[in-house]
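Overview (structure and organization)
Chain by chain, the residues run as shown.
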Amino acid sequence: MENAAALASTRGRETALACLETGIEAARPERVVAESIRLDDDRLHVGDATYDLSNVDRIIAVGGGKAADGVADALESVLGGRLDAGVVVTPDPSDGDRIDRLRGDHPVPSQAGVEGTERIQELVADADDRTLVLAIITGGGSALLPAPADGITLEDLQATTDALLDAGAEIGDLNAVRKHLSTLKGGGLAQLAAPATVASLVFSDVVGNDLSVIASGPTAPDGSTYADALDVLERYGVDPPRSVWERLDLGAAGDLPETPGPDDPIFDRVTNHVLADTFTAIDAAREVARDRGYHPCVLSSSVRGEAREAALTHVAVAEEVLSTGNPIDPPAVVLSGGEATATVRGDGVGGPNADFALAAAVELPDDVTLASVDTDGRDGSSDFAGAIVDSDTVDDVPAAREALANSDAFGHLRDRNAVISTGATGTNVNDLRVVVID
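So, how was this worked out
- Residues numbered from 1 in each chain as written.
- Predicted model: local features only at pLDDT ≥ 70, side-chain atom pairs only at ≥ 80, totals over all residues.
- Heavy atoms only, no water.
- 1 Å grid on protein atoms, 1.4 Å probe; cavity = no way out; pocket = protein on both sides within 12 Å on 5 of 7 lines; lining within 4 Å.
- Points joined across faces, edges and corners; volume = space filled by probe spheres on them.
- Nonpolar A, V, L, I, M, F, W, Y, C, P; charged D, E, K, R; others polar.
- Salt bridge = Lys/Arg side-chain N within 4 Å of Asp/Glu carboxyl O.
- Helix = DSSP H or I, 4+ residues; strand = E, 2+ residues; numbered from the N terminus.
- Buried < 20%, exposed > 50% of the residue type's maximum accessible area, 1.4 Å probe, protein only.
- Pairing = 2+ DSSP bridges.
- Contact = heavy atoms within 4.5 Å.
- Axes fitted to C-alpha atoms, helices over the stretch in contact; angles between N-to-C directions.
- Parallel < 35°, antiparallel > 145°, perpendicular 65-115°, else oblique.
- Left-handed = near helix turned anticlockwise from the far one by under 90°.

**Here's the deal with the layout of surface pockets**
Here the second largest pocket is characterised by a volume of approximately 230 Å³. Taken together, 17 residues make up the lining of the second largest pocket; nearest its centre are Ser182, Tyr226, Arg247, Pro257 and Thr259. Split by residue class, the lining of the second largest pocket holds five nonpolar, seven polar and five charged.

**A closer look at the pattern of salt bridges**
Enumeration over the complete set of coordinates arrives at 25 salt bridges. Residue Arg292 pairs with Glu14 through a salt bridge whose shortest N-O separation is 3.6 Å. Placement of Arg292 in the loop between helix H12 (278–291) and strand E10 (295–306) and of Glu14 in helix H2 (residues 11–26) is noted, with a sequence separation of 278 residues between them. With a closest N to O distance of 3.0 Å, Asp73 and Arg101 form a salt bridge. Of this pair, Asp73 sits in helix H4 (residues 68–79) while Arg101 sits in strand E6 (residues 99–103), and the two are 28 residues apart along the sequence. Residue Arg101 is classed as buried on the basis of its relative accessible area, which comes to 9%.

**Re the sheet that holds strand E11 (residues 332–341)**
Read from one edge to the other, the open sheet built from six strands follows the order E10-E11-E15-E12-E13-E14, with strand pairing classed as mixed. Of all the strands in the sheet, just E10 and strand E14 (419–420) have a single pairing partner and so form its edges. Summarising the sheet, E10 and E11 pair through nine bridges and their orientation is parallel. Paired with His295 across the two strands is Ala332, which belongs to E11. Taken strand by strand, H2 contacts E11, strand E12 (368–374), strand E13 (386–390), E14 and strand E15 (431–437), and its axis lies near 155 degrees from that of E15.

**Structural notes on the packing of H2 against H12**
In contact at an axis separation of 7 Å, H2 and H12 are set at 140 degrees when each is read in the N-to-C sense. Between H2 and H12, the interaxial angle falls into the category oblique. As H2 packs across H12, the resulting crossing turns out to be right-handed. Mapping the contact onto sequence places Ala18, Cys19, Thr22, Gly23 and Ala26 in H2 and Thr280, Ala281, Ala284, Ala285, Val288 and Ala289 in H12. Here the residues of the contact of H2 with H12 sort into eight nonpolar, three polar and no charged.

**Points about the pairing of E13**
Of all five residues making up E13, five are buried, and the element is well covered by its neighbours. Side chains Gly386, Ile388 and Asp390 project from E13 onto one buried face, and the interleaved Ala387 and Val389 project onto a second face that is buried too. In the sheet, E12 pairs with E13 via five bridges, with the strands oriented antiparallel. When the bridges of E13 are listed, Thr369 appears paired with Asp390. The pairing of E13 with E14 spans two bridges and is antiparallel. Residue pairing for E14: Gly386 is matched across the bridge by Ile420.

Shown next, in the form of structure tokens:
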């Protein structure tokens, strides 16, 4: 963490920051891949699965997301010369030996992402039944791998994505729309790669690890429909470009083919391996808390909904620990993960972790420290990972509530030296929250 020394002014803050840092480190691709993937002569072990490479003429790696660059580095280290080629699209590409790294943008797709995705499509189109495709699927892949469907422009995708994000759409709802406006999402990559063998290496940033939602499920069956996408737009009150309405209406009427579903034979040779998720970070943070003499408690790895509402629940748990010793005696560390949302209501920067931290700070009792970050290092559209607060953070409650009302939690917390800065972490396994109760 870039500013840990300035933030660690109490024992509780020091512990919270140590939990966050260790949790993020545990989910970094270099460490995860080293623990999950190994090459043994002609056998490639991925998790509990084994791939016989004696039946493989060519191995290629394709995909994208915020963690894709690190996964690509790790794969090059494991496979060496056995890896023939690859392309990944990521926000901060480095130089690779065998896997080309191309730049894309997040959370709103860009032309650079379109061009990178076209390179992936070209490489996968040549795959046959003696090709092993290692599909790198990580959080952020939905925006970084845009491949607009017929009749849809990049500008249409950008406008629709912006409107849904501003409306506070949950990731599953957002992706239900994007899958039906794209050729690669919703099982499209698996469809393009057939009849190759596909092993997907998944870093999940989705509550419940729903494979059809992570990066909009390029290698997973899609259970959503055109009608579901229309319902999402209506529920969130989003009015997208006319071309989007027209495509979704045509699909809902049965005039366009649906995305491939669970019974489609293209998935017979596809296996999705979840290598890291929110619990990877939580579990590592739990060990830090225990080593520091705290009683750790995992509240949930699936927290979702409006961030400021979830914050009040965490405050209530801290109050219960202090007053009754339930569900755990103090000193305690309560941990949670998942993905909260922050509906934009004003002209501030926004960010669910900032909203979470400031809403909690208004209510926190003494002897409690709370920290919340996005493990990718960027909370919403801000340049910060999240924030750390305690009962001394907010000295002007009306001003804090006004900042929340204007979606300017980060501005308020930055002025109080409460924001956490990590820079891009190279991973993305959702939000990580720590409540330290001394």
